[in-house]
Number of protein chains: 2
Amino acid sequence: MSTRRELRLNTFQMSTPTHNWAGMWRHPDDRGTEYNQLDYWTSMAQLAERGLLDAIFIADVFGVYDVYGGSADAALRSGAQAPCLDPSIAISAMAHATRHVGFGVTANLTYEHPFQFARRYSTLDHFTRGRVGWNIVTGYLKSGASGMGLNDIRSHDIRYDAADDFMQAVYKLWEASWEDGAVVRDRASGIFTHPDKVHVIKHDGPYYQVNARHLSEPSPQRTPVLYQAGTSQRGIAFAAQHAECVFINGTSKGSVARSVKTLREQAVRYGRKPDDIAAFLGCNVVVAASRGEAQDLLEDYRRYLDVQGQLSLVAGWTGIDFADIALDDAVQFVKSNAVQSTVEHLTINAPRPFTVREVADFGVPGARAPFILGTPSEVADELISWVDETGIDGFNLVRIVSPGSLQRFVDMVVPELQSRGAFKTQYREGTLREKLFGDGPLLNARHPGGALRGSLRG
Amino acid sequence: MSTRRELRLNTFQMSTPTHNWAGMWRHPDDRGTEYNQLDYWTSMAQLAERGLLDAIFIADVFGVYDVYGGSADAALRSGAQAPCLDPSIAISAMAHATRHVGFGVTANLTYEHPFQFARRYSTLDHFTRGRVGWNIVTGYLKSGASGMGLNDIRSHDIRYDAADDFMQAVYKLWEASWEDGAVVRDRASGIFTHPDKVHVIKHDGPYYQVNARHLSEPSPQRTPVLYQAGTSQRGIAFAAQHAECVFINGTSKGSVARSVKTLREQAVRYGRKPDDIAAFLGCNVVVAASRGEAQDLLEDYRRYLDVQGQLSLVAGWTGIDFADIALDDAVQFVKSNAVQSTVEHLTINAPRPFTVREVADFGVPGARAPFILGTPSEVADELISWVDETGIDGFNLVRIVSPGSLQRFVDMVVPELQSRGAFKTQYREGTLREKLFGDGPLLNARHPGGALRGSLRG
């Protein structure tokens, strides 16, 4: 079985005791309780690099899940994405402990200013030698807005309008403020930077204003690799213009294939090529030497799942408070103002209504990401078939137990994928962008950011 | 010669080609051109730890110096604090490469929100295992405000009013949101956090509003060690209330002693003890085996000083544009709206007017920090006499060439100080606060932040 292109893999992490599966910090193969220790991150980065993974992707949430039961109790008690640390801080330690693996860092632009934010990501790109990506999010938790002294989050479409404005401002800072060749570091002449090649950015947008030179000289990639996950109509339009890597949810190959097709078509409409975007599908993998052992392992994991904690997450994603519904009652999903993509996928993919108990369980049919279970060979078959049949480029491997699930994947699935020619056997040299696309290190001229490069040249 | 207390030492750094002395990146012992490479930082951190220094202190400036000649040309050309990267990003790599040395990280609170900011510094404190400090600044460059889309910086006193409000908000988040014992990580019961011990902070101040739980569980120090450098009247009042470490400028022992005395007296007025504040004096050291060699070394350094770059820095600090004044003309300093402390010290300490050429030179009389030159024994004598005669606790060692000046200090001066019993021969265990004060890891109850700890306990 062959694949149409080299498969891409990220490990999907978060600076919190458990990410997508509540309660798993209690499992013996899980080090989630050490999420606030640097060694958790550096050893995980080294493991990811041993497995030749493309990137460590660090999600973030800026608030506590407090929809379930109208309180944060279940999330706090179970450690479900709470507490949650700043995802940008561990990056330099991981970069120093590795050489190739990339870092996707989530940041909610709603609470940032482009001028300050652009410097932070330029700094990350310098210190990782061009291995950094930015996952663009706009936030969906009211508790985050509250923390910032606001009454509510912005409406979904206003969030995206502001995001468009933010992107224009950071593109100007990253791409147009410092010309190529502005910085010479010339000891003989004493010139560090040619001042005439550094331009003041004047951005006077509806949401953001900037009137300054970017504070950082150009980093290896200038603009970090741009990740995005919007799957609402407005979100897809945003991704089609701006994103280089897109996260897709869904458990039916048909719906995922449609999402990928729509995305690439829209990208073309914005003057980009279909392959300018790499699509990653969230994916849960349980692998063992035999299928029976894999099933036993899943049963073992299941014993550690925290039902209330898990419901607090799904309640936050969907806006539905499950607390007053009996576990065996069925629920009907409707679209909400929260993470629309979650609800859409739960609705589109649902073969039937779910019981609340199923909502809180692994691999519920219709959940956000496929659940692939089996031997290394079976898992590899299934991964490759997803790529072949949907047009995705690869997977975000969901943390079930950490580092346990990643370790099993690296040791058992990676060699199997390699033996079929479906996965690299060594890293390509260069920046994250070059590793992912064989092109770079800078945004290409078809991208709205790349198009601004050199635009202020005198 | 003995000292009244164990002397404290920081290396004073900045994420930029040159910090206080423009042009020095051209010197063979300087790696300033590598300021954007992680290895510059990790090897410097290891050097500082080899010398048992208390902390690596990273300054920051949020804008480009553009007073001199009314443009940023001189600063950019000479690499004088431009470009300048985010000081928080390299910390985790340095923390991972060391075990004891602390990190003082500058952040301008004017452009931060307490909710988001508190999480970032909690994360730094977790990942450094309690080795982080925060240097509180409010910003003085108009170009920084411009970058943020504002017309001007806030006036000096308003900046401090807002800073007071900001401090109240972050103290509540760091000290009162999560009770001691809230987080149990109890695998048996499945309880990560006791929800009833986590409190929503409601801060409704004149400048900042917060209505949320802190996103981070308590870090080793909760509140990072607080550094501050204000020496205006309002700045001293702020430092006397909030600071644990204070940076003092000045080149006359009399004026420095008066500053220290005023500061400790004011601290007492706010209910703190005189020794609750450690005072650090900025200090330039040129050391060599003989006095003649030290003088030769200074002459060697002088050849690399960039006069225009240096004037662009002093122009930014004082608000005086030197560009149209001949190098041999004398200048008179007056107080400005910029860094008042600089001008005050230049005025108070000046035995006579300066020529512009002197303003741009090393060790000009009346400049911000003493210039100590000599053999290891002479330097040690002088450092100890400053401590004994002024009541300061130690020094911020200014980067002349980096890592050259620090390396010479570590190899030549540290052993000399140790042999006189004036400097530690090993690190104390524990957090930065415990290392500095022999007390901690948390703020004491005399401090306004410490006083809030547990204040929301039900």
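Above this text sits the structure in question.
Right, let's walk through the structure included here.

Cut-offs used in this document
- Residues numbered from 1 in each chain as written.
- Chains lettered and ligands numbered in written order.
- Predicted model: local features only at pLDDT ≥ 70, side-chain atom pairs only at ≥ 80, totals over all residues.
- Heavy atoms only, no water.
- Phe/Tyr/Trp six-rings, centres within 6.5 Å; stacked < 30°, edge-to-face > 60°.
- Buried < 20%, exposed > 50% of the residue type's maximum accessible area, 1.4 Å probe, protein only.
- Helix = DSSP H or I, 4+ residues; strand = E, 2+ residues; numbered from the N terminus.
- Least-squares fit on C-alpha atoms with pLDDT ≥ 70 in both.
- Contact = heavy atoms within 4.5 Å.
- Pairing = 2+ DSSP bridges.
- Right-handed = clockwise from strand over helix to strand, strands pointing away.
- Expected span 1.5 Å × (residues − 1).
- Arc of directions from axis to C-beta.
- Salt bridge = Lys/Arg side-chain N within 4 Å of Asp/Glu carboxyl O.
- Polar contact = N/O pair within 3.5 Å; in protein donor to acceptor, adjacent residues only side chain to side chain.
- Buried area = accessible area lost by both parts, 1.4 Å probe.
- Nonpolar A, V, L, I, M, F, W, Y, C, P; charged D, E, K, R; others polar.
- Axes fitted to C-alpha atoms, helices over the stretch in contact; angles between N-to-C directions.
- Parallel < 35°, antiparallel > 145°, perpendicular 65-115°, else oblique.
- Left-handed = near helix turned anticlockwise from the far one by under 90°.

1. Section: the packing of aromatic side chains
All names here are of chain A.
No. 1: Counting across every chain of the model gives 45 aromatic pairs over all chains.
No. 2: When the ring of Tyr 40 is compared with that of Trp 41, the centres are 5.1 Å apart and the planes differ by 75°; the resulting orientation is edge-to-face. Each member of the pair, Tyr 40 as well as Trp 41, carries the same accessibility label: buried.
No. 3: With a centroid separation of 5.3 Å and an interplanar angle of 35°, the aromatic rings of Phe 62 and Tyr 111 are classed as tilted. Within this pair, whereas Phe 62 is found in the loop between strand 2 (55-59) and helix 2 (73-78), its partner Tyr 111 is found in the loop between strand 3 (102-108) and helix 4 (114-127), the two being separated by 49 residues in sequence. Tyr 111 shares its class with Phe 62; the two are buried.
No. 4: Taken together, Phe 117, Tyr 121, Trp 134, Phe 166, Trp 174 and Tyr 208 form an aromatic cluster joined through their ring pairs.

2. A look at the relation of the copies chain B and chain A
No. 1: With an RMSD of 0.0 Å, the operation that places chain B on chain A is a rotation of 180° combined with a shift of 0.0 Å along the axis. With respect to symmetry, the two chain copies, as superposed, fit the operation of a two-fold axis. By C-alpha distance to the rotation axis, the residue of chain B lying nearest is Ala 93 of chain B, at 1.9 Å.
No. 2: Most of the interface of chain B is mirrored in chain A: 100% of its interface residues are interface residues there too.

3. A few points about the environment of His 113 of chain B
No. 1: Following the sequence through the fold, His 113 of chain B ends up in the loop between strand 3 (102-108) and helix 4 (114-127).
No. 2: In this structure His 113 of chain B comes out as buried when scored by relative accessible area, which is 14%.
No. 3: Residues His 113 of chain B and Tyr 207 of chain B, 94 residues apart in the sequence, show an inter-C-alpha distance of 9.9 Å.
No. 4: Apart from the residues lying within four places of it in its own chain, the contact partners of His 113 of chain B are Gly 147, Met 148 and Gly 149 of chain A together with Phe 166, Gln 209 and Val 210 of chain B.

4. Structural notes on the pairing of strand 1 (residues 8-14) of chain A
Residues and elements named next belong to chain A.
No. 1: The buried count for strand 1 comes to 7 of 7 residues, which makes it a mostly enclosed element.
No. 2: Burial along strand 1 is two-sided: the face carrying Arg 8, Asn 10, Phe 12 and Met 14 and the face carrying Leu 9, Thr 11 and Gln 13 are both buried.
No. 3: Pairing geometry for strand 1 and strand 15 (residues 394-398), over 5 bridges, is parallel. Note that in strand 15 the partner of Arg 8 across the bridge is Gly 394.
No. 4: Relative to strand 2, strand 1 runs parallel, the two sharing 5 bridges. What sits directly across from Asn 10, in strand 2, is Ala 55.
No. 5: Note on the crossover from strand 1 through helix 1 (residues 38-50) to strand 2: the handedness is right-handed.

5. With respect to helix 9 (residues 291-302) of chain B
Residues and elements named next belong to chain B.
No. 1: Here helix 9 is 12 residues long and its end C-alpha atoms lie 16 Å apart, about the 16 Å a rise of 1.5 Å per residue gives.
No. 2: For helix 9, the complete set of buried residues consists of Ala 294, Leu 297, Leu 298, Asp 300 and Tyr 301. End-on, the buried residues of helix 9 take up no more than an arc of 160°, which puts them together on one face.
No. 3: At its buried positions, helix 9 is contacted by strand 11 (278-287), strand 14 (371-374) and helix 14 (404-419).

6. Looking at the pattern of salt bridges
As a working rule, side chains carrying opposite charge can pair if their charged atoms are close by.
No. 1: All told, the structure shown has 56 salt bridges over all chains when counted by the stated rule.
No. 2: When the shortest N-O distance is used, the salt bridge between Asp 161 of chain B and Arg 234 of chain B registers 2.5 Å. Remark: Arg 234 of chain B occurs in helix 7 (residues 233-242) and Asp 161 of chain B occurs in helix 6 (residues 156-176); sequence separation between them is 73 residues.
No. 3: Classification of Asp 161 of chain B as partly exposed rests on a relative accessible area of 33%.
No. 4: Ionic pairing is found between Arg 302 of chain B and Asp 361 of chain B, a salt bridge with its closest N-O pair at 2.9 Å. Here Arg 302 of chain B, found in helix 9, pairs with Asp 361 of chain B, found in the loop between helix 12 (356-359) and strand 14; they are 59 residues apart in sequence, far enough to count as distant.
No. 5: Owing to a relative accessible area of 27%, Arg 302 of chain B belongs among the partly exposed residues under this scheme.
No. 6: When salt bridges that share partners are traced, they join Glu 6, Arg 8, Asp 54 and Lys 424 of chain A into one network.

7. Structural notes on the side chain of Glu 244 of chain A
Residue and element names in this part refer to chain A.
No. 1: Here Glu 244 is to be found in the loop between helix 7 (233-242) and strand 10 (245-248).
No. 2: Note on Glu 244: relative accessible area 5%, which makes it buried.
No. 3: Here Arg 433 takes part through its side chain, which lies 2.8 Å from a polar atom of the side chain of Glu 244.
No. 4: Once you skip the residues sitting within four places of it in the chain, Glu 244 turns out to touch Pro 224, Val 225, Leu 226, Arg 272, Asp 276, Ile 277, Ala 278, Arg 433, Phe 437 and Leu 443.

8. With respect to the interface of chain B and chain A
No. 1: Between chain B and chain A, the residue contacts involve 74 residues of the former and 74 residues of the latter.
No. 2: For the chain B and chain A pair, buried surface summed over both sides reaches about 6,700 Å², with 59% attributable to carbon and sulfur atoms.
No. 3: When the area that chain B buries against chain A is broken down by residue, the three leading residues are Ile 89, Phe 127 and Arg 187 of chain B, summing to 12%.
No. 4: Residues Arg 119 of chain B and Asp 60 of chain A are paired through a salt bridge, measuring 2.7 Å at the closest nitrogen-oxygen approach.
No. 5: One can count 47 residue pairs in polar contact (both at pLDDT 80 or more) joining chain B with chain A.
No. 6: Those elements that provide at least two residues to the side of chain B that touches chain A are helix 1 (38-50), helix 2 (73-78), helix 3 (91-96), helix 4, helix 5 (142-147), strand 5 (183-186), strand 6 (191-193) and strand 8 (209-212) of chain B.
No. 7: Per element, the largest residue contribution to the side of chain B that touches chain A is 8 residues, and it comes from helix 4 of chain B.
No. 8: Classifying every residue of the side of chain B that touches chain A by side-chain character gives 33 nonpolar, 25 polar and 16 charged.

9. Things to note about the packing of helix 4 of chain B against helix 6 of chain B
Residues and elements named next belong to chain B.
No. 1: Contact pair helix 4 / helix 6: the axes reach a minimum separation of 9 Å and the direction vectors enclose 55°. By the angle between their directions, the pair helix 4 and helix 6 is classed as oblique. In this structure, the crossing between helix 4 and helix 6 has a hand that is right-handed. Contact residues: Pro 114, Phe 115, Phe 117, Ala 118, Tyr 121 and Ser 122 in helix 4; Phe 166, Ala 169, Val 170, Leu 173 and Trp 174 in helix 6.
No. 2: Looking at the contact of helix 4 with helix 6 residue by residue, the classes come out as 10 nonpolar, 1 polar and no charged.

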